[in-house]
Structure formats: structure tokens, C-alpha cells
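# Working through the structure, step by step
These are the residues of each chain, in order.
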There are 2 protein chains.
Amino acid sequence: MSHFDDETRLRPHGDGLRWQADVSAAWNIGQNPNGGYLLSLVGTALQQATPGQPDPLSITAHYLRPGLGGQPGEVAVDVLRRGRALSTARATLRQDGQPRLEVLAAMGDLGPAGTPPVGPQITLPPPELPPPDDCPGRSAPAQGVSLSILDRLDIRLHPLHARPGEVGRALVSGWIRFRDGRDADPLACLLMADAFPPAVFGLLGLVGWVPTVELTVHLRARPAPGWLRVQFVANDLADGRVIEDGALWDSTGRLVAQSRQLALVRLPGGGASG
Amino acid sequence: MSHFDDETRLRPHGDGLRWQADVSAAWNIGQNPNGGYLLSLVGTALQQATPGQPDPLSITAHYLRPGLGGQPGEVAVDVLRRGRALSTARATLRQDGQPRLEVLAAMGDLGPAGTPPVGPQITLPPPELPPPDDCPGRSAPAQGVSLSILDRLDIRLHPLHARPGEVGRALVSGWIRFRDGRDADPLACLLMADAFPPAVFGLLGLVGWVPTVELTVHLRARPAPGWLRVQFVANDLADGRVIEDGALWDSTGRLVAQSRQLALVRLPGGGASG
């Protein structure tokens, strides 16, 4: 068993589509669980609620309150429409009596890894990257900020993107995989779409905190085993709100996920707030 | 009064955050109301449910079933969290007893049009376009398909993008405004983010139907009066599912909205289906 499987496990609870979870602190960024980890936990419940349609083809999470690592949680799912190829469902993660994540998803089946795509194709080419061994690992941004998640995920940054502010663009690219050797699957891609340093760090240097308001991930194909290659870019920052676009490719160069998030850039002495 | 205001009007209904609407057929594409129109109708209800926070900073709609033009509908809103600067709410549009749209949104306040952005900025530059008078109007794609929406919206296409398949890229750009002279506001941007021909037409020519599974719009600024400039691009098509990215700029060149949707490309004799 992998840590990811252990730490996204759910127990059926009561009647209907409700599960209990132990929200782990092992995926924390600072004091709170990573938003992608919480989303993959909710994705596990969605998967169980839509048999035969295990993959979120589109999934949107709104982050209402920070999650609580090391505390129990409850996920409730409501299937809004069951279709032959696609079903739509919403889900809520609650901890300590309060909703933390509200999620809306279209569930389907990406088919086996390595299946050639059907029909006409357009694709985003993967970025050029030095091999993982030539890319430095992600590290904690400052003394006193702990990134427990780095014990679970091996994150390598493009050498030009490893020092905040140095690339002069709101861009970060690199490699990611689980440290324990588990290969990425679609639910793991939800986590990996939110585990890199914010792209704005590339332009602005370290800004204290970039909380996610909303994250949408589109899963495009089941990844082949091995490292995932990722790139995140922010092309739109104003009024303390940034849109960050991400893309993930598997070890064969196939695009497996796209992501977009709206986040707040909390600048010292001002900026937007929730 | 404008047609858009008339045709997105809601009447309070029963207790709590519920409204009745007359879903107009005037915004139809073929037999069904445009998805952007339905989203702006739901946006009107969200606006009423979150006083002082009139603008969807992030709004995601999942299209469960086609809407019914010319029939009544009911919108129910549930505010999940009220915050000082942002509130999160979900909403359902029902017609004929069945849910049609499920929506999740973060509501806030974009401030007055023309306010200079605060803090560091990154922005997408608007595309080069000939003036509106040199751009042909959008027309119905084929005999027998009526686009009632073109009586409400004046849509001008870049001359190179006006004939399906001709540009050789999944790209469409142009201009849009209401025919009756009403200026666009944030809710109108929700409509206008879904009123152009699908970008894949630029590459593939006419494919019969490109139904939206999910549409997310991020509103970035309140638009100044006048034409909106828009561009839609599909960089990711596989297995009959396409991701289309859009951006809208106001008459001063300011980026006012970004959109992304997941749609199905139904090719003759195959492709994905819901």
C-alpha cells in the first residue's frame, strides 16, 4: 500500500453516499493540508459514488476554509445526474462541523493508460526540461515554514525556476512523483496539480501566502508510469487575484491534465482578502 | 429596459433563496437556450443572494440537460459561506421538474469600471482585430439551424475566422455587443463568454454539435462601455473532448474575463457522448 492510498481511504458512514476520512497532516503546507490532497480525498468519494465512471473529467473545488490535518472529516456526495458516459455529482468535505471544500465534478472513464486518442487531436507540447537528476528539489520557502508534503512528494524544479523571482516571469516547471514509488493515476493528478510553488513566485519572489479560492482540473488521459512533467503559468494578475494555468504530461509526453486556479496574492500591507 | 434585463428577471418564490424565471427562447442556438444565457440567469439569482458582492469572481456551471426556451424555470441558491470580501454559493436551475444547470461560484465586488488595478499586474494583451465594421457578422452555420440569439447579440468575426475550417487553427476572435445598445456588465460577460462559434470549427470546419459539459468564467474587471473584443482557442482536443479557453477585453483594452470550457465534439459516426 502507498501513503497516498492509505491517506485518502474512506469508510462508509451512515446511509447513502457519506464517508468518514482521517485527514492526514502528512500533506501539509505550513499548518494546513494541501488543497490538492483534499481534492483527491473528495475525488475518492466521487469515484465510489459513480461506479464505472472513476475519473473526474472536470472537477472544480471551492476552498471555503482551510482543512485540518490530523483530524477526522466527512465527505457527502450527491449525484445530480447519472448518464451513460458521464455523470455529474457534487460533494462537500466537512471537518469540525464546518464545510471546508465544495466540489462539483463530471465523472467518466478515461480508459486504460497508453490507449491512443480517438478522433482529431490538438495537444499542448510538453516544456523542455533537464532530466530530474539535474533539477533541484523543492524546498521550504523560509525558516519556520514546514512543508510536510515534501516527505510524500518528490518535486524537482527547473533550475531556472528554483529561486523565487529569478526567472522574471510568473512561470514554474519541473517534475513530480510520489516518493514511495506509487505511480500517478487520475486522482493523484488532482494532488499534483496543486503541489508546486505558486507561479507568481517566479515574478514577484516570495509573497507570503497565495490561498486558492477555486481550483478546476480537467483530466485528459490516464498517465503512464513514471515522472510527471508539469508547468504552471500566471498570465493574469490584478487587484491581488491571480489566475494560474497548469498542465501535466506523463513520461511518454502525453498531456494528462490541465488545471486553472483563482488564488489571492496577499502582499505585505494590502491586497485582496477573503 | 434592455432585452437582457427583461429576460433575466427573477421573481422571489416561496421561502428563502428561490426565484421563478421565464426562460426566454430569444437566446436560442437551434432548439435550446444558449448556455451562457442560462448562466447569466443563474448569476442574477446569485447576485441577489449575496448583497454587496454582485460579481462572480469565479463561476462554474455543469450542464446537466438542455434548457427549455419559452418555459418557466426555478433557481434555488444555497450560500455556503459568507465572507467579508468573498462569499461562496451554489445554485440549481430547474425546469419541468429536472435540474438543468448546477452552478458553484465565488461572489465578490469588482469595483467600478475604469478603476486602475491595484498591486502588481500581469495581463493578456488583446488580439489584433480589424474594426467591427470590417468584420462580418456571425451567421447560422447551416440551413435549417436558427440562431435566435443573433437577434439579441451583434457578433462580428475576424474576417479570417468567419468561414469554418479556413483559418486552419482552432481559433476564433471578434467583437460582441448587445444589439439594443445595453452595455455589457459582469453578468453579460457570462453570456458573451459562450456566444461565439466553437473554436474547433476553425480547424475542423463544421462539426454538428459541440455541447458544453462544463463552463468556468473568471470575471476580472467591470467592463467599460462599448464593444467587447474576444478570442477563443482550443489547444487540447482528444477522444472527442475539447478544452476551449476564452478571453474578453473591454473597449479600453482591459482584460475583463477569462473562460474555459469542456465540450464534447460529436463527430459524424462516433466520438464522445454524455
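In case you missed it, the structure is sitting above this.
Keep in mind the model is a prediction, meaning the values are calculated, not measured.

Rules used throughout
Residues numbered from 1 in each chain as written. Chains lettered and ligands numbered in written order. Predicted model: local features only at pLDDT ≥ 70, side-chain atom pairs only at ≥ 80, totals over all residues. Heavy atoms only, no water. Contact = heavy atoms within 4.5 Å. Buried area = accessible area lost by both parts, 1.4 Å probe. Salt bridge = Lys/Arg side-chain N within 4 Å of Asp/Glu carboxyl O. Pairing = 2+ DSSP bridges. Helix = DSSP H or I, 4+ residues; strand = E, 2+ residues; numbered from the N terminus. Axes fitted to C-alpha atoms, helices over the stretch in contact; angles between N-to-C directions. Buried < 20%, exposed > 50% of the residue type's maximum accessible area, 1.4 Å probe, protein only. Least-squares fit on C-alpha atoms with pLDDT ≥ 70 in both. Phe/Tyr/Trp six-rings, centres within 6.5 Å; stacked < 30°, edge-to-face > 60°. Lys NZ or Arg CZ within 6 Å of the ring centre and 35° of its normal.

## Things to note about the interface of chain A and chain B
The interface is formed by 59 residues belonging to chain A together with 59 residues belonging to chain B. Buried area between chain A and chain B, both sides added, is near 5100 Å², and the carbon and sulfur share of it is 54%. Area buried by chain A at its contact with chain B is led by A:I122, A:R220 and A:R260, which between them contribute 15% of it. Of the charged contacts, one joins A:R90 and B:E102 as a salt bridge, the two residues approaching to 3.6 Å between their closest N and O atoms.

## Structural notes on the sheet that holds strand β5 (residues 55-63) of chain B
Residue and element names in this part refer to chain B. If you walk across this open sheet you meet the 12 strands as β1-β2-β6-β7-β8-β5-β11-β14-β13-β12-β10-β9, and the pairing is antiparallel. The sheet is open, and its two borders are formed by β1 (10-12) and β9 (153-157), each paired with just one other strand. In this sheet, neighbouring strand axes are inclined to one another by 20 degrees on average, regardless of whether the strands run parallel or antiparallel. Here helix α2 (residues 35-49) sits on the sheet and contacts β1, β2 (18-23), β5, β6 (71-82), β7 (87-95), β8 (98-108) and β11 (212-219); the angle it forms with β8, its principal contact strand, is near 55 degrees.

## Describing the pattern of salt bridges
Tallied over the full model, the rule gives 37 salt bridges over all chains. Between A:D6 and A:R9 there is a salt bridge, and its shortest N-O distance comes to 2.5 Å. Accessibility expressed as a relative area gives 38% for A:D6, which makes it partly exposed. Of the charged contacts in the structure, one is a salt bridge between B:R152 and B:E7, with a shortest N-O distance of 2.8 Å. Of the two residues, B:R152 is situated in the loop between β8 and β9 and B:E7 in helix α1 (residues 3-7); the sequence distance between them amounts to 145 residues. B:E7 carries the same exposure label as B:R152, and that label is buried. Among the ionic contacts, a cluster of salt bridges with common partners joins B:D133, B:D154, B:R156, B:R177 and B:R179.

## Re the relation of the copies chain A and chain B
For the pair chain A and chain B, the superposition axis carries a translation of 0.0 Å, the fit reaches an RMSD of 0.0 Å, and the rotation angle comes to 180 degrees. Classification of the inter-copy transformation places it as that of a two-fold axis. Interface residue correspondence from chain A to chain B reaches 100%, placing this contact among same-surface, isologous pairings.

## Let's talk about the packing of aromatic side chains
All names here are of chain A. Under the counting rule described, the total for this entry stands at 12 aromatic pairs over all chains. Measuring from centroid to centroid gives 6.4 Å for W175 and W227, while their planes differ by 70 degrees, and the two rings are edge-to-face. Here W227 lies in the loop between β11 (212-219) and β12 (228-238) and W175 lies in strand β10 (residues 171-178), a separation of 52 residues in the sequence. Per residue, the accessibility class of W175 equals that of W227, and both read buried. Taken together, F4, W27, Y37 and F178 form an aromatic cluster joined through their ring pairs. One Lys or Arg, R152, reaches over the ring of W27 and ends 5.9 Å from the middle of that ring.

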